[in-house]
Amino acid sequence: MWTFFHKLGSPPWLYGISGTILRYLVPLTLIGLAVGVTWGLLFTAPDFRQGNSYRIIYIHVPAAVVALAGYYVMATAGAVSLIWKMKMADIAMKACAPIGAALTFVALVTGAVWGKPTWGTWWVWDARITSMLILLFLYLGVIALYEAYDNKEAAAKACAVLSLVGTVNIPIIYKSVDWWYSLHQPASIKFTGESTIHASMLYPLLLMIISFYALFTCALLMNMRGEMLARERRTKWVRKLAEDKAR
Amino acid sequence: MNTPGTALFCARLLRRQLVLAARRPVDIGNPLLFFAMVVALFPLGLGPAPDTLADFAPGILWIVALLSNLLTSDGVFRSDFDDGSLEQLLLSPQPLYLSVLAYVCAHWLVTGLLLALVSPVFALMLNLPATGIVALFFSLLLGTAVLSLVGGIGAALTVGLRRGGMLISLLILPLYMPVLIFGSAAVKAAVSGSPAAPYLAILGAMLSLAVALAPIATAAGLRISVDA
Amino acid sequence: MYFDSFAAMLSMDGHGAYVWSAYAITLVVVGALLLVPLRRQRRLLTELSGELRRNRGAPSQGPSVKEEDSHASGT
């Protein structure tokens, strides 16, 4: 157990193993996404109330789910890096932020595009949309803080503290935004409610959620590999890698 | 030099901060002036109709209070960081949690408390019904304390950065949102005749959570900033 | 296959523009998520190998090389 933990802290080992993982995970992810998208777009019946526009949920929901989960991954990595001072946790935390921000952005944009034909407007200050917007701000705050520091070690620590503060706050923000919306719910927008989703629609959605998790993992590992190389560029193992490439 | 007890130390720290603030009355006056000016902007932007203003008054007053708190929170640790006394504080045997609390408390006394005290004047100017004014006062009293505590985290994380001013708003504004929601809701409830106490209770709950946790994060942020 | 024809698939009863543009935006972002780190990594390695080739002429390796034992060969 502990040897595994120590290995996890060793960049060359992690670089090697992540390369092996990626070799299998990237094709699997791409196949999963392709199958899920084709299934969702072409082989499911349209929702009886929303028509075909509901097909956007096959990317909207997974992006939103993984974006939120990504914040917790980031905060966990931040906690690990603060407590055990693990270099790799630092790198993982830093790599999470842009991915999470991109997925949150996707969730917001697809939500807006879905809202136009469904609600007749691009944007409503609905509880979930507003919470996602705040999540995007939280991610961008972490990125901005990291970029503001010249000393990258201190930057990682500061971001770890900020993401932990954010983790405590996310449930509070979500609850208060939810409550705020229930107070102000405009009469003009009628919710379709949690329309019981049909099994034939659920399976492709589940596949897409799993694929988006895999996509997050792939992007995370790839970002970490780049960061590892950049940070360790003066060490022997990176030079060896570069030499192998030069041949 | 004998070391004072922790309580005495914090009391002195608080007194020192207050004396420093009192020596520069302009710094105390600035947030209030800012508050007054931004409040004056709203009738210009929204039109002077008393009914519209009264409708928006809870939100306006709360957002402006939030902004003036935000602008001052940048400076909580700034001067002490620059002259090195913050480093001394970190090296002292006193628990940093309580020292941080003293700093934040001083900040709240010279901004949040004063804002709450003058807010009824601006509430009248914006035509807020009299029933809402008590709720506004108490919600600002509780809410600005939360804002000061959360702002302290942002201040601690950015104190070592030269261009911290804009950054701190990006970091802590998302964290301010729950306070804004419940603060303005308390005032609105009071205006519409329902009890404001539940909202104030939620603000109180936020305050207790913030008192318990925010100084820990602030202390960690200060250590990072001083080490860097 | 739910749709009868290719044209029906594109139009999706009038919702096609929304659906397809949402998917297109997602494709761009997801593609960027995967390609940006990959390109960065490639560029770094190319840069480093170029640096090494240039330094090979010099007899001694730079003092900046850290002797660090690696648990496994990094491949």
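The structure presented is a predicted model; accordingly, all values stated were derived computationally and were not measured.

## Focus: the overall build of chain C
A count of helices and strands for chain C gives two helices and zero strands. By the burial criterion, 16% of the 75 residues in chain C qualify as buried.

## Quick look at helix α10 (residues 197-227) of chain B
In an α-helix, one turn spans 3.6 residues, which is why side chains three or four residues apart end up on the same side. Between its terminal C-alpha atoms α10(B) stretches 44 Å, which fits the 45 Å expected from 31 residues at 1.5 Å a residue. Maximum bend of α10(B): about 35 degrees, positioned at Ala210(B).

## Comments concerning the interface of chain A and chain B
Taken together, the contact pairs 23 residues of chain A with 21 residues of chain B. Contributing elements (two or more residues each) for the side of chain A that touches chain B: α5 (127-148) and α6 (152-184) of chain A. With 13 residues, α6(A) is the largest single contributor of residues to the side of chain A that touches chain B. Residues of the side of chain A that touches chain B, tallied by class, amount to 18 nonpolar, four polar and one charged.

## Remarks on the packing of helix α7 (residues 112-125) of chain B against helix α8 (residues 130-158) of chain B
Residues and elements named next belong to chain B. Put simply, α7 and α8 touch, their axes get as near as 9 Å, and they point 150 degrees apart. Of the possible angle classes, the one that applies to α7 and α8 is roughly antiparallel. Here α7 runs over α8; the crossing is right-handed. Taken together, the residues of α8 that come into contact with α7 (itself represented by Gly112, Leu115, Ala116, Ser119, Pro120 and Ala123) are Gly132, Ile133, Leu136, Phe137, Leu140, Leu141, Thr144, Ala145, Leu147 and Ser148. Grouping the constituent residues of the contact of α7 with α8 by class yields eleven nonpolar, five polar and no charged.

## Notes on the packing of helix α3 (residues 57-84) of chain A against α5(A)
To describe two helices that pack against each other, one gives the angle between their axes and the distance between the axes. All names here are of chain A. Put simply, α3 and α5 touch, their axes get as near as 11 Å, and they point 40 degrees apart. With respect to α5, the element α3 is oriented oblique. Between α3 and α5 lies a crossing of left-handed hand. Each of Ala64, Ala67, Leu68 and Tyr71 in α3 lies in contact with α5, whose residues at this interface are Met132, Leu135 and Leu138. Of the residues that constitute the contact of α3 with α5, the class distribution is seven nonpolar, no polar and no charged.

## Overview of the UniProt feature "transmembrane region" (unreviewed entry) in chain C
Per the UniProt record, the feature "transmembrane region" (unreviewed entry) sits at residues 20-38 of chain C. Helix and strand shares over residues 20-38 of chain C are 100% and 0% respectively, and the end C-alpha atoms of the span are 27 Å apart.

## Description of the environment of Asp80(B)
Residues and elements named next belong to chain B. Here Asp80 shows up in helix α4 (residues 78-82). According to the C-beta neighbour criterion, Asp80 is buried, with 20 such atoms within 10 Å. Considered as a pair, Asp80 and Val159 are 79 residues apart in the sequence and their alpha carbons are 9.8 Å apart.

## Looking at α3(A)
Taking 1.5 Å as the rise per residue, α3(A) with 28 residues should run 40 Å; its terminal C-alpha atoms sit 39 Å apart, in good agreement. Two residues or fewer after α3(A) comes Lys85(A), characterised by a positive phi angle close to 50 degrees.

## Let's talk about the nonpolar core
If you look at the biggest cluster of nonpolar residues, it comprises 156 residues, and the most contacted ones within it are Cys96(A), Val161(A), Leu61(B), Val150(B), Ala186(B) and Leu203(B). Val161(A) has contacts with Leu157(B), Ala217(B), Ala220(B), Gly221(B) and Ile224(B), leaving out every residue within four places of it along the chain.

## Let's talk about the interface of chain C and chain A
Facing the 38 residues of chain C at the interface are 50 residues of chain A. The element that contributes the greatest number of residues to the side of chain C that touches chain A is helix α2 (residues 16-56) of chain C, accounting for 21 residues. A breakdown of the residues in the side of chain C that touches chain A according to their chemical character gives 22 nonpolar, ten polar and six charged.

What counts, and at which threshold
Residues numbered from 1 in each chain as written. Chains lettered and ligands numbered in written order. Predicted model: local features only at pLDDT ≥ 70, side-chain atom pairs only at ≥ 80, totals over all residues. Helix = DSSP H or I, 4+ residues; strand = E, 2+ residues; numbered from the N terminus. Buried ≥ 20, exposed ≤ 12 C-beta atoms within 10 Å, placed from the backbone. Expected span 1.5 Å × (residues − 1). Bend = angle between axes of the 7 residues up to and from the residue. Contact = placed C-beta atoms within 7 Å. Nonpolar A, V, L, I, M, F, W, Y, C, P; charged D, E, K, R; others polar. Axes fitted to C-alpha atoms, helices over the stretch in contact; angles between N-to-C directions. Parallel < 35°, antiparallel > 145°, perpendicular 65-115°, else oblique. Left-handed = near helix turned anticlockwise from the far one by under 90°. UniProt positions renumbered as here; feature names shortened; annotations may be inferred. Core = buried A, V, L, I, M, F, W, Y, C linked by C-beta atoms within 7 Å.

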